[in-house]
2 protein chains.
Amino acid sequence: MRHNPDVAERETRDDVDGIVAQWRRERPGMRPEPMAVFGRIYRLARLVGDEQERVYARWGIGRGEFDVLAALRRSGEPYTLAPKALTASLMLTSGGMTGRLDRLERAGLVRRSPDPTDRRGLQVTLTDTGRQVIEEAADAGLAVQRRILDTLPPEDQERLGDLLRTLLAGAAGGGR
Amino acid sequence: MRHNPDVAERETRDDVDGIVAQWRRERPGMRPEPMAVFGRIYRLARLVGDEQERVYARWGIGRGEFDVLAALRRSGEPYTLAPKALTASLMLTSGGMTGRLDRLERAGLVRRSPDPTDRRGLQVTLTDTGRQVIEEAADAGLAVQRRILDTLPPEDQERLGDLLRTLLAGAAGGGR
DNA sequence: CCTAAGTATCTTAGCTCTAAGATACTTATT
DNA sequence: AATAAGTATCTTAGAGCTAAGATACTTAGG
C-alpha cells in the first residue's frame, strides 16, 4: 500500500494520512484536518518517549524518575527542591510524587531531609550518585532526540520549534 | 517574568525555553536544542489529550475506549474488527484490549461474537448506541483540536503537519 | 491421521498513577 | 493566647496498563 505506484508523486503518505482519509470517506463533511497535526503529535510523544524510556532503563530508572532527577539537576547547586515544588513543576499529584521519591531514595539517588524553616516540609536533594546518573542519562536521552530531529534540516528544526511554541501557548492559554 | 520588559523584543519565551536555558547554564556544551521540539510535543500531547478526555467523559468513555470505537467506526460497514486487529492498530497488549472491550461491552457500545470461520477468534461490532456515541464524541474531540490549531494561520497549520509527517517517519523508521 | 508448532484470547500479578482524605504543622484573626 | 483556616506530605482505594502464561483452537509436516 505504501509503495503503490499510483501515489508515487506524493510519496509522503503515512498512517495518519490514512486515518484522516478513512474519516473523510466514512463521514463527508467532518473536516478532520486537525487530526493530521494532533495525531502525529500523539504518535511522536509515544514513540520517542518509549525509546527514551528504554535508554533510561540502563540506569535503572523510568521516565518519571528521570523527570524528578532532571528537575533537581537543572535547578543548580545545591540540587535541592521541596516535594511541593517538584509536584507543581511536573504536574503530578502528591501521591504520585511520594511514590517516585520512595523509589529514588531506595535507589540512593536522592535524599529526603527535614526543611529547617518549616517543620511541615521536606527538602529533596540529589546524591552524588544521583547527579552522575542524571547527567549520563540526560545525555543519552538527548542523543535519541537529536538522532530523530536530524531527519530535518536545521532551518526546519527551528521553524518546527517556533510553530510548536505558538501552538503550545494556544493550548495552555485557551484550555483553562 | 513573562512580562519582563527586558525580553519584550522576543515575547515568545515559554516554560520550555526556560528549561533549555537552565540546562545550558548548568551544563555548557550540552547542546539541548532538541528539547525545544520534543519538550513541546510531550506537553502538547498531555495538555490536549487531557482536554479531549474531559470532553469524552460526557459520553462516559475515556481515551482508550474512544480509540477502540473510532477504529471500528472508521473501518466502515459492518463496523466489525477482530480483537487481534484492534490490538495491533492501537499498539496495545492483549490484556489491555480485553479490559477495554469488557468495559465497552458492559456499557452496551460494542458486542462480541464468535468468528464463524475461526473458532479461536472473535468479532467485535459497534452497536447502534456505540455508533451514535462515537460520532458525537469524535465531533466534540475534533472541535477541541480545531480550536487550538486555529491559533495558527492556515498555511502554518499545513506546514506544521508536513514537518511532523517527516519527523514521525524518521522516528518510526529509525527507532527499530 | 497424529503430533508439534503456531495463533487468538483471556487471566493473573504487579506497577504507577489519581482522587480523596488523614495527619501534622503554620499563619491569620480575634 | 486560642481558635480557625491554610499548607505540606503521606496513606489508601481503585483504575488501567504491561508481562507472563494458561487455554483452546488451527495448521503444517511426517
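The shown structure was predicted, so the numbers you read here are calculated from the model rather than taken from an experiment.

A. Layout of the environment of A:Asp118. All names here are of chain A. Tracing the backbone through its elements, the reader meets Asp-118 in the loop between strand 2 (110-114) and strand 3 (122-126). Between the C-alpha atom of Asp-118 and that of Pro-153, which follows or precedes it by 35 residues, the distance is 51 Å. There is a polar contact of 2.7 Å between the side chain of Asp-118 and the side chain of Arg-120.

B. Molecular detail of the confidence of the model for chain A. Summing up the model confidence of chain A, the mean pLDDT is 90 and the portion of residues at 70 or higher is 91%. Taken as a whole, residues 1-10 of chain A scores under 50 in pLDDT and shows five contacts with residues more than four places along the chain or in a different chain.

C. Here's a closer look at the environment of B:Met97. Residues and elements named next belong to chain B. Positionally, Met-97 belongs in helix 5 (residues 94-106). On a C-alpha basis, the gap between Met-97 and Val-133 in space is 19 Å, while along the polypeptide they are 36 residues apart. For Met-97, the residues in contact, after removing those within four places along its chain, are Val-68, Pro-83, Leu-86, Thr-87, Leu-90 and Leu-92.

D. Main features of the protein's contact with DNA strand C. In the vicinity of DNA strand C there are 18 residues, among which A:Thr93, A:Arg120, B:Pro83, B:Lys84 and B:Ser94 approach most closely. Taking the atoms of DNA strand C that fall within 4 Å of the protein, sugar and phosphate contribute 72% of them. Contact distances for DNA strand C include 2.9 Å between a phosphate oxygen and a side-chain N or O atom of A:Arg100. With respect to DNA strand C, the backbone of B:Lys84 contributes an N or O atom lying 2.6 Å from a phosphate oxygen. Sorting the residues of the surface near DNA strand C by element identifies helix 5 (94-106) of chain A together with helix 4 (83-89) and helix 5 of chain B as the ones contributing at least two each. A total of four residues in the surface near DNA strand C trace back to one element, the largest contributor, which is helix 5 of chain A. Within the surface near DNA strand C, the residues separate by chemical class into three nonpolar, seven polar and eight charged.

E. Focus on the interface of chain B and chain A. The interface is formed by 66 residues belonging to chain B together with 66 residues belonging to chain A. For the chain B and chain A pair, buried surface summed over both sides reaches about 6,400 Å², with 67% attributable to carbon and sulfur atoms. Of all residues in chain B, the largest losses of buried area upon contact with chain A belong to B:Arg74, B:Arg165 and B:Leu168, amounting jointly to 11% of the total for that side. Counting across the interface, chain B meets chain A through eight salt bridges. Note that B:Asp139 and A:Arg27 form a salt bridge whose closest N and O atoms lie 3.1 Å from each other. Run the count over chain B and chain A and you get 19 residue pairs in polar contact (both at pLDDT 80 or more). Contributions of two or more residues to the side of chain B that touches chain A are made by helix 1 (15-26), helix 2 (34-56), helix 3 (63-74), helix 6 (128-149) and helix 7 (154-174) of chain B. Tallied by class, residues from the side of chain B that touches chain A come to 31 nonpolar, 14 polar and 21 charged.

F. Geometry of the protein's contact with DNA strand D. DNA strand D sits among 18 residues. The nearest are A:Pro83, A:Lys84, A:Ser94, B:Thr93 and B:Arg120. Put simply, 72% of the atoms of DNA strand D that lie within 4 Å of the protein are in sugar or phosphate. Residue A:Arg112 places a side-chain N or O atom 3.3 Å away from a phosphate oxygen belonging to DNA strand D. A:Arg120 is positioned such that a nitrogen or oxygen atom in its side chain is 3.1 Å from a base nitrogen of DNA strand D. For the surface near DNA strand D, the secondary structure elements donating two or more residues are helix 4 (83-89) and helix 5 of chain A together with helix 5 of chain B. The element contributing the most residues to the surface near DNA strand D is helix 5 of chain B, with four residues. Classifying every residue of the surface near DNA strand D gives three nonpolar, seven polar and eight charged.

G. Fine view of the sheet that holds strand 3 of chain A. Residue and element names in this part refer to chain A. With antiparallel pairing, the three strands of this open sheet are ordered in space as 1-3-2. The sheet is open, and its two edges are formed by strand 1 (80-81) and strand 2, each paired on a single side. Sheet topology note: the strand 1/strand 3 ladder contains two bridges and is antiparallel. Residue Leu-81 lies in a different strand from strand 3, and its bridge partner there is Val-124. Sitting on the sheet, helix 3 (residues 63-74) is in contact with strand 1, strand 2 and strand 3, with an inclination near 90° to strand 3.

H. The arrangement of the packing of helix 6 (residues 128-149) of chain A against helix 2 of chain B in detail. Axis separation between helix 6 of chain A and helix 2 of chain B bottoms out at 9 Å; the angle between their running directions is 95°. Viewed along their axes, helix 6 of chain A and helix 2 of chain B adopt a mutual orientation that is roughly perpendicular. Along its contact with helix 6 of chain A, which presents A:Leu142, A:Gln145, A:Arg146, A:Ile148 and A:Leu149, the element helix 2 of chain B presents B:Pro34, B:Met35, B:Val37, B:Phe38 and B:Tyr42. A breakdown of the residues in the contact of helix 6 of chain A with helix 2 of chain B according to their chemical character gives eight nonpolar, one polar and one charged.

I. How the structure looks around the sheet that holds strand 2 (residues 110-114) of chain B. Residue and element names in this part refer to chain B. Across the sheet, three strands lie side by side as 1-3-2; this open sheet has antiparallel pairing. The open sheet has two free edges, formed respectively by strand 1 (80-81) and strand 2, since each of these has just one partner strand. Across the sheet, helix 5 lies against strand 2 and strand 3 (122-126), angled at about 115° from strand 2, the strand it touches most.

J. The arrangement of the packing of aromatic side chains in detail. Residue and element names in this part refer to chain A. Under the definition given, this model contains two aromatic pairs over all chains. Ring geometry for Tyr-56 versus Phe-66: centroids 4.1 Å apart, planes at 10°, classification stacked. Of this pair, Tyr-56 sits in helix 2 (residues 34-56) while Phe-66 sits in helix 3; the two residues are ten residues apart in sequence, bridging distant segments of the chain. Owing to a relative accessible area of 11%, Phe-66 belongs among the buried residues under this scheme.

Analysis parameters
- Residues numbered from 1 in each chain as written.
- Chains lettered and ligands numbered in written order.
- Predicted model: local features only at pLDDT ≥ 70, side-chain atom pairs only at ≥ 80, totals over all residues.
- Heavy atoms only, no water.
- Helix = DSSP H or I, 4+ residues; strand = E, 2+ residues; numbered from the N terminus.
- Polar contact = N/O pair within 3.5 Å; in protein donor to acceptor, adjacent residues only side chain to side chain.
- pLDDT = per-residue confidence, 0-100.
- Contact = heavy atoms within 4.5 Å.
- Near = heavy atom within 4 Å.
- Nonpolar A, V, L, I, M, F, W, Y, C, P; charged D, E, K, R; others polar.
- Buried area = accessible area lost by both parts, 1.4 Å probe.
- Salt bridge = Lys/Arg side-chain N within 4 Å of Asp/Glu carboxyl O.
- Pairing = 2+ DSSP bridges.
- Axes fitted to C-alpha atoms, helices over the stretch in contact; angles between N-to-C directions.
- Parallel < 35°, antiparallel > 145°, perpendicular 65-115°, else oblique.
- Phe/Tyr/Trp six-rings, centres within 6.5 Å; stacked < 30°, edge-to-face > 60°.
- Buried < 20%, exposed > 50% of the residue type's maximum accessible area, 1.4 Å probe, protein only.

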